Amino acid sequence: MKEAHEERDRRKGFSSSKKIFQSILEAIPDLVSVVDRDFKLVFSNFRGAYDDVSRKVPGKRSRPRCYEVYYPGLTEVCADCHLREVFNSGTAITTEKYHPKVGHVEIHSFPVFDENGAVIMAGEYHRSINARRQAEDALRDKNQMLESIINSSPTSIIVMDTNLDVTLWNPESEKIFGWSKEEVLGNRYPIVPVEYHDEFMKNVQDLNEGGSLRSMETQRMHKDGTLIDVLLSTAPMLDHDGDINGYMAMFADVREQKRAQQALQESEANYRTIFDAANDATFVFDPENGAMLDVNLKMCEMYGYTREQVLRLNVGDLSAGVPPYTYNDVLKKIWKTRYDKSHMFEWLAKDSSGQLFWIEVNMKGAVIGGEYKVLAVCRDIAERKAAEEKGRKMQERLRQVDKMAAIGTLASGIAHEINNPNNFILANAQFVSDIWPDISRILCQYAEDNGEFYLGKLRFSEAGSFIPNMLKGLVEGACRINNIVTGLKDFARQEKTRLDQTVDINKVIEAALSMLHNEIRKHTDKFQCILAENLPPVTGSFQQLEQVIVNLTMNALQALRTREEGVSLSTSYVRSIDEVIIKVNDEGVGMPDEVRQAIFDPFYTTRLDSGGTGLGLSICFSIVKEHGGIIECESEQGRGATFFVRLPVQQCGKGGDSKS
């Protein structure tokens, strides 16, 4: 009886313990299950994403097997079943598996023994490790990416621990320094030359003090002992607590870059040599604002600046500054290169002294150093412009000469036209003068018989006294017209040059002055002509010498500033040199010495705008020279001018006369 009570109490206690144990297992959030050796479920709390798993297999009344519950549709034990290993070995194992429903799980499996030590069941504990696996995958991906970056980096990346032993050596390090990864990992940092040891230790000290290094050019050693130019950057390696556990160094091989820099420097030196050796001034402009980026030596010489000075100026400072040669005008030329790759134009420039000069500019766009710039090549064309201006003036003078020739032709023609009616007037005037005494006697008799009467609106007594003077003036005027016309015809007549005539210089002057009468009255109230008596004749051309007198006198008259200033013309004979001297003096503006020395040059004139041809004095010089004479000039600025024409007198046997 007692034993029955004890058995009942034992079973009751076991049942109570079982309930407590089952309550504990049910409370665990992860899957806990127990299976027998046939893989049938003895217990499962169906937790850890297995909550909705059906606890029974359709069509089965007995306990289902674990794979039928946890892997619906599976009809046999998994090929890699971990429980089979537990049953076979009798030891606990831990494994990781992927469940389609749960994801990644970590499974702790353990054996359950009977009283004799035989494995009768196996328990397993499933814990989801999805978060851990995701973190591990992410870390692995990052590590793989970092490893790929390090291995594919075009720069050498080396990591050392605090003992300065190498812990990372990427392929580029092998390429640059020659040591393989196997040779250096775990060994002392090998690439520091002896002469750079202090520099290296200083870098390590700076890293230990929290510093870093960016882009320092230095040298490191190759395996074969040669030194390599490198660009070094360093940084400390920190652990989770922020303490330094190593150092990272990155090296860029700059040998090619250094060679390229040296080549570039040599190229720039060559460019500068060629640039400065050019015979034309060259500018490099910023196309946006016209700022000068570079100029050559020729430009500095042409404008009178140093390169440093000119680069502080803008292009407007080197221009005339008046439209169309202003800063804005040249900007338009610069901007035009975007649409017209090259264009040429003339420009009025200004040098450092403020003097203006002409240049020819060839401007074009160009890509320099990968950027769009504007080049301007400039040539000093002052001489060409001067030649063009001289040519223009010459053309003007030639046109004026042609005009004067046309006027001469017209004057000759007009002289012929005037001569006919003037002869008619002269003949009639002389006829009336001849018959006037008879007319006057008859009219006087009529007045005595009939008293005072009128001739037109004049009393006969008044008209009778001045009509003779009127007729005399009419005849004299017609004769004067006839003389002027004859002089014009002679002056304009083209004839073969004959220098064998006997010429009276005084008569030449009188003929010239008869044509210049109006011009003299127009310019001055003080004209004086003194002709020497018994002047010996000269041999030459009356017409050409008359032209000399006309030109010299006209020049003298045109040099006067007011009518109060005078002109004098005189002749004389100097026996000691046997020459006739013609002197033309004016009280006009005079000439500076540089003008006086050029006045006999063809086409030289200071009065181009007022019709001067620059030929008058040149022609005078030629005529006098052809006559064996000399023409000279004396002048001072503001004090008038005096011209001397010296002609040799006629010698015996020439011209049929002898000198007197």
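Our structure's up above, just so we're on the same page.
Residues numbered from 1 in each chain as written. Predicted model: local features only at pLDDT ≥ 70, side-chain atom pairs only at ≥ 80, totals over all residues. Heavy atoms only, no water.

Is there a simple way to explain the overall build of the protein chain in this structure?
When helices and strands are tallied, the protein chain shows 18 helices and 24 strands. Put simply, the protein chain has 660 residues, and 36% of those count as buried. Taking as baseline every contact in the protein chain between residues at least 6 positions apart, the subset at least 24 positions apart corresponds to 52%. Total accessible area on the protein chain is roughly 39300 Å²; 53% of this is exposed by carbon and sulfur atoms. (Helix = DSSP H or I, 4+ residues; strand = E, 2+ residues; numbered from the N terminus. Buried < 20%, exposed > 50% of the residue type's maximum accessible area, 1.4 Å probe, protein only. Contact = heavy atoms within 4.5 Å. Areas by Shrake-Rupley, 256 points an atom, 1.4 Å probe, with all protein chains shown as cover.)

What is the right way to read the side chain of His126 from this model?
Along the chain, His126 falls in strand E5 (residues 119-128). Exposure remark for His126: the relative accessible area of 8% places this residue in the buried category. A polar contact is formed between the side chain of His126 and the side chain of Glu124, at a distance of 3.2 Å. (Polar contact = N/O pair within 3.5 Å; in protein donor to acceptor, adjacent residues only side chain to side chain.)

It is not clear to me how the packing of aromatic side chains should be interpreted in this structure. Could you clarify?
Given two aromatic rings, one states the distance between the centres and the angle between the planes to describe the pair. This model, assessed by the stated rule, comprises eleven aromatic pairs. Centre to centre, the rings of Phe39 and Phe87 are 5.8 Å apart; their planes meet at 75 degrees, and the pair counts as edge-to-face. Taken together, the residues span a long stretch of sequence, with Phe39 in the loop between strand E1 (31-36) and strand E2 (41-44) and Phe87 in helix H3 (residues 82-89) at a distance of 48 residues. For the pair shown, Phe39 and Phe87 are each scored as buried. Ring centres 5.9 Å apart and planes at 85 degrees place the aromatic pair Phe283 and Tyr303 in the edge-to-face group. Of this pair, Phe283 sits in strand E11 (residues 281-285) while Tyr303 sits in helix H9 (residues 297-303), and the two are 20 residues apart along the sequence. Here the two residues Phe283 and Tyr303 agree in accessibility, since each one is buried. Of the aromatic side chains, those joined through ring pairs into one cluster are Phe283, Phe285, Tyr303 and Phe357. (Phe/Tyr/Trp six-rings, centres within 6.5 Å; stacked < 30°, edge-to-face > 60°.)

Could you clarify how one ought to interpret the sheet that holds strand E9 (residues 227-238) in this entry?
As a general point, the strands of a sheet are linked pairwise by backbone hydrogen bonds and lie either parallel or antiparallel. The strand order across the open sheet formed by five strands is E7-E6-E10-E9-E8, and the pairing between neighbours is antiparallel. In this open sheet, the two strands that pair with only one neighbour each are strand E7 (166-169) and strand E8 (213-221). Going across the sheet, the axis of each strand differs from the next one's by a mean of 30 degrees, ignoring polarity. Strand direction decides the pairing type here: E8 and E9, joined by seven bridges, are antiparallel. Bridge pairing in E9 links Leu213 to Thr234. Those strands touched by helix H7 (residues 197-208) are strand E6 (156-161), E8, E9 and strand E10 (244-253), and its axis lies near 150 degrees from that of E8. (Pairing = 2+ DSSP bridges. Axes fitted to C-alpha atoms, helices over the stretch in contact; angles between N-to-C directions.)

Quick question: what am I supposed to make of H3 here?
For an α-helix the count is 3.6 residues per turn, leaving residues at separations of three or four pointing the same way. For H3, the set of buried residues is His82, Leu83, Val86 and Phe87. Taken end-on, H3 shows its buried residues confined to a sector of 145 degrees, consistent with a single buried face. Those residues of H3 that are buried lie in contact with E1, helix H2 (66-70), strand E3 (93-99), strand E4 (103-113) and E5. With its phi angle positive at about 75 degrees, Gly90 sits one or two positions after the end of H3. (Arc of directions from axis to C-beta.)

Sorry if this is basic, but what is going on with H7 here?
Taking 1.5 Å per residue as the helical rise, H7 with its twelve residues ought to reach 16 Å, and the 17 Å between its terminal C-alpha atoms agrees with that figure. Gly210 lies just past H7 and shows a positive phi near 95 degrees. (Expected span 1.5 Å × (residues − 1).)

Is there a simple way to explain the environment of Asn420 in this structure?
In this fold, Asn420 is placed in helix H12 (residues 382-450). Of the residues examined, Asn420 reaches a relative accessible area of 53% and is grouped as exposed. It is 9.6 Å that separates the C-alpha atoms of Asn420 and Asn482, two residues lying 62 residues apart in sequence.

Can you help me understand the nonpolar core in this one?
As a rule of thumb, nonpolar side chains are buried together in soluble globular proteins. Counting 39 residues, the largest nonpolar core has Ile505 and Phe643 as the members making the most contacts within it. Mapped by element, the contributors of at least two residues to this core are helix H14 (505-515), helix H16 (542-558), strand E21 (567-574), strand E22 (579-586), helix H18 (616-626), strand E23 (630-635) and strand E24 (641-648). With eight residues, H16 is the largest single contributor of residues to this core. The residues contacting Ile505, other than those within four sequence positions of it, are Leu535, Val538, Leu545, Thr571, Val580, Ile582 and Leu647. (Core = buried A, V, L, I, M, F, W, Y, C linked by side-chain atoms within 4.5 Å.)

Looking at this structure, how should I read the pairing of E9?
Put simply, side chains in a regular strand alternate between the two faces of the sheet. Between E8 and E9, which pair antiparallel one after the other, the connecting turn spans five residues, and Gly225 there sits at a positive phi close to 95 degrees. Alignment of E9 against E10, held across nine bridges, turns out to be antiparallel. Pairing of Thr234 across the sheet is with Ala249, part of E10. Hairpin remark: E9 followed by E10, antiparallel, with five residues in the connecting loop; positive phi at Gly242, about 85 degrees.

Explain the pattern of salt bridges here, please?
Taken as a whole and judged by the stated rule, the model has 28 salt bridges. In this structure, Arg441 engages Asp438 in a salt bridge whose closest nitrogen and oxygen atoms are separated by 3.3 Å. In this pair, Arg441 and Asp438 both sit in helix H12, three residues apart, roughly one turn of the helix. Asp438 gets classed as partly exposed once you look at its relative accessible area, which sits at 38%. Salt-bridge contacts for Glu579 lead to Arg646; the nearest nitrogen and oxygen are separated by 3.0 Å. One end of the pair, Glu579, is in strand E22; the other, Arg646, is in strand E24, with 67 residues separating them in the sequence. Judged by its relative accessible area of 13%, Glu579 falls in the buried class. Arg646 gets classed as partly exposed once you look at its relative accessible area, which sits at 22%. The structure contains a network of salt bridges with shared partners spanning Glu96, Glu106, Arg127, Arg132, Arg133 and Glu136. (Salt bridge = Lys/Arg side-chain N within 4 Å of Asp/Glu carboxyl O.)

Looking at this structure, I do not really get the packing of H14 against H16. What am I missing?
When two helices pack together, their arrangement is given by the angle between the helix axes and by the axis-to-axis distance. Between H14 and H16, the shortest axis-to-axis distance is 9 Å and the interhelical angle comes to 55 degrees. In terms of orientation, H14 lies oblique with respect to H16. For the pair H14 and H16, the crossing hand works out as right-handed. In this structure, H14 contributes Ile505, Lys507, Val508, Ile509, Ala511, Ala512 and Met515 to the contact, and H16 contributes Phe542, Leu545, Glu546, Ile549 and Val550. Classifying every residue of the contact of H14 with H16 by side-chain character gives ten nonpolar, no polar and two charged. (Parallel < 35°, antiparallel > 145°, perpendicular 65-115°, else oblique. Left-handed = near helix turned anticlockwise from the far one by under 90°. Nonpolar A, V, L, I, M, F, W, Y, C, P; charged D, E, K, R; others polar.)

What's the story with the environment of Trp436 in this structure? I'm lost.
The residue Trp436 is located in helix H12 in this model. Trp436 sits in the buried class, given a relative accessible area of 12%. C-alpha of Trp436 to C-alpha of Ile467: the two residues are 31 residues apart in sequence and 8.8 Å apart in space. Setting aside residues up to four positions removed in sequence, Trp436 forms contacts with Gly464, Ile467, Pro468 and Leu471.

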